[in-house]
Amino acid sequence: MTTHSNTPAGWYPDPHGAAQTLRYWDGAQWTGHTHAAQQAPAVQQAAPQVPAQPAGPDARVQRQVQQQAGVAPGGVGGGTLFSEPVLVVNQKAKLIELTNEYKVFDQNGNQIGAVTEVGQSALRKAVRFVSSIDQFMTHRLEIRDGYGQPQLVLTRPAKFLKSRVIVSRPDGSQVGEIVQQNVLGKINFAMNANGQQVGAIKAENWRAWNFAIVDHADNEVARITKTWEGLAKTMYTTADNYVLQIHYQLPEPLLSLVVATALTVDTALKQDARGWG
C-alpha cells in the first residue's frame, strides 16, 4: 500500500546508509533512483521519517475477537485498514475522557491503525471536563494507518438530537455521509454517497450495543459487536471496544464508509448516552 507523506518529492540522503549517495523520494515512497551526493542541489530538506509498523500481536485482541465477539478466524487479510476482514477497535481507557483515542487491530492482534480526535482547544477540553455540553459540539477525528498517516477524516458537525458524520479523504475530497435516521427506539443510520443511499447501519436493540451493516439492497455486508472490557474498566473508565466483521471485500465508497462506521457509531452514540441524543 502506498504510504502518504507530507514530505515533498526530491533527493535526500540514502536511508539505506550508502555513503555520499542521494536517493529519490517521490512524495510517497523511496524509489530505485540514486544520485551522487556532490551533484545534488545545494538546498535539501532532511530525509522524510517514515515510522515503522508497531510490532507484536496482542493475544488479548485474539480472545476479544473469538471468545467475546464470537467471530471465527477469517481469511488472511492484506494488513491494512481496507483489506482486513476483521477490525478490532479499542478505545484508550481513561478515568476522564477529554479526547477520543482508539487503537485498531487486525484479528490476530497486530495494530494496523489508530484513531484520534484532532482540533480540540484547551477550552474545549475544559468544557468536556466539567459538563456534557461537548456532546453537542463539532468533533473531528482522523483514521490513521499503521505508519501514522491519515487515511480518512471524520467530521461530526454540531448537533442537537440527530448526528451526521461527514467522511472525507485527507485531501478534502468527500467520500460520503453517515446520517442518523431516528431518535427513539433502535437507532439507524443511512450511509450516503453522491446523493444516493449506499447502505445502512441498524442497531439490533434499543441500547445500540450491536449493529448490522447492510448495502443498498438490505443485504448484510458487515457487523459491529461491542465486547466487554472487564468489570474494572466498565465501572471506572470510559473505554469502549468493538469488533467490526466485514463479510466480503466491498466496493468503494461503501468500503470506506463501513470502515468509518466502527468509529462513527461510538462517537455519535456513546456521547449521546451522556445527554439528550
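One can find the structure itself at the top, above this paragraph.
Residues numbered from 1 in each chain as written. Predicted model: local features only at pLDDT ≥ 70, side-chain atom pairs only at ≥ 80, totals over all residues. Heavy atoms only, no water.

## A word on the nonpolar core
Working step 1: Within the largest apolar cluster, 41 residues are counted, with the highest numbers of intra-cluster contacts made by V167, I178, M191, I213, L244 and V258.
Working step 2: Looking at this core, the element that brings in the most residues is helix α4 (residues 254-272), giving 9 residues.
Working step 3: Residues contacting L244, with those up to four places away along its chain left out, are P85, V86, L87, I213, A222, R223, I224, V258, V259 and A262.
Working step 4: Formed by 5 residues, the second largest nonpolar core is a distinct cluster that contains V86, V88, F105 and V243. (Core = buried A, V, L, I, M, F, W, Y, C linked by side-chain atoms within 4.5 Å. Buried < 20%, exposed > 50% of the residue type's maximum accessible area, 1.4 Å probe, protein only. Helix = DSSP H or I, 4+ residues; strand = E, 2+ residues; numbered from the N terminus. Contact = heavy atoms within 4.5 Å.)

## Describing the sheet that holds strand β8 (residues 150-156)
Working step 1: Strand order in the closed barrel formed by 12 strands is β4-β5-β6-β7-β8-β9-β10-β11-β12-β13-β14-β15, with antiparallel pairing between adjacent strands. When strand polarity is set aside, the average angle formed by the axes of neighbouring strands in this sheet is 20°.
Working step 2: As defined by bridge partners, strand β4 (residues 86-91) adjoins strand β15 (residues 241-246) across 5 bridges and the pair is classed as antiparallel. Bridge pairing in β15 links V86 to Q245. (Pairing = 2+ DSSP bridges. Axes fitted to C-alpha atoms, helices over the stretch in contact; angles between N-to-C directions.)

## Side note on unusual backbone geometry
Working step 1: Omega for the bond connecting E252 with P253 falls within 30 degrees of zero, at 5°, which places this linkage in the cis form.
Working step 2: Within the element layout of this structure, P253 appears in the loop between β15 and α4.
Working step 3: Positive phi outside glycine occurs at N194, with the angle close to 55°.
Working step 4: Its place among the elements puts N194 in the loop between β11 (188-193) and β12 (196-203).
Working step 5: Its identity as a non-glycine residue notwithstanding, D218 has a phi of 70°, on the positive side.

## Concerning the pattern of salt bridges
Working step 1: A full pass over the atoms with the stated rule returns 6 salt bridges.
Working step 2: For R164, the salt bridge goes to E177, with nearest N and O atoms at 2.8 Å. Separated by 13 residues along the polypeptide, R164 in strand β9 (residues 164-168) and E177 in strand β10 (residues 174-180) bring together distant segments of the chain.
Working step 3: On the basis of relative accessible area, R164 is assigned to the partly exposed category, the value being 32%.
Working step 4: R223 serves as the salt-bridge partner of E220, at 2.8 Å between the closest nitrogen and oxygen.
Working step 5: The exposure class assigned to E220 is partly exposed, which follows from its relative accessible area of 31%.
Working step 6: Among the residues examined, R223 registers a relative accessible area of 22% and is labelled partly exposed.
Working step 7: Connected through salt bridges with shared partners, the residues E204, E220 and R223 form a single ionic network. (Salt bridge = Lys/Arg side-chain N within 4 Å of Asp/Glu carboxyl O.)

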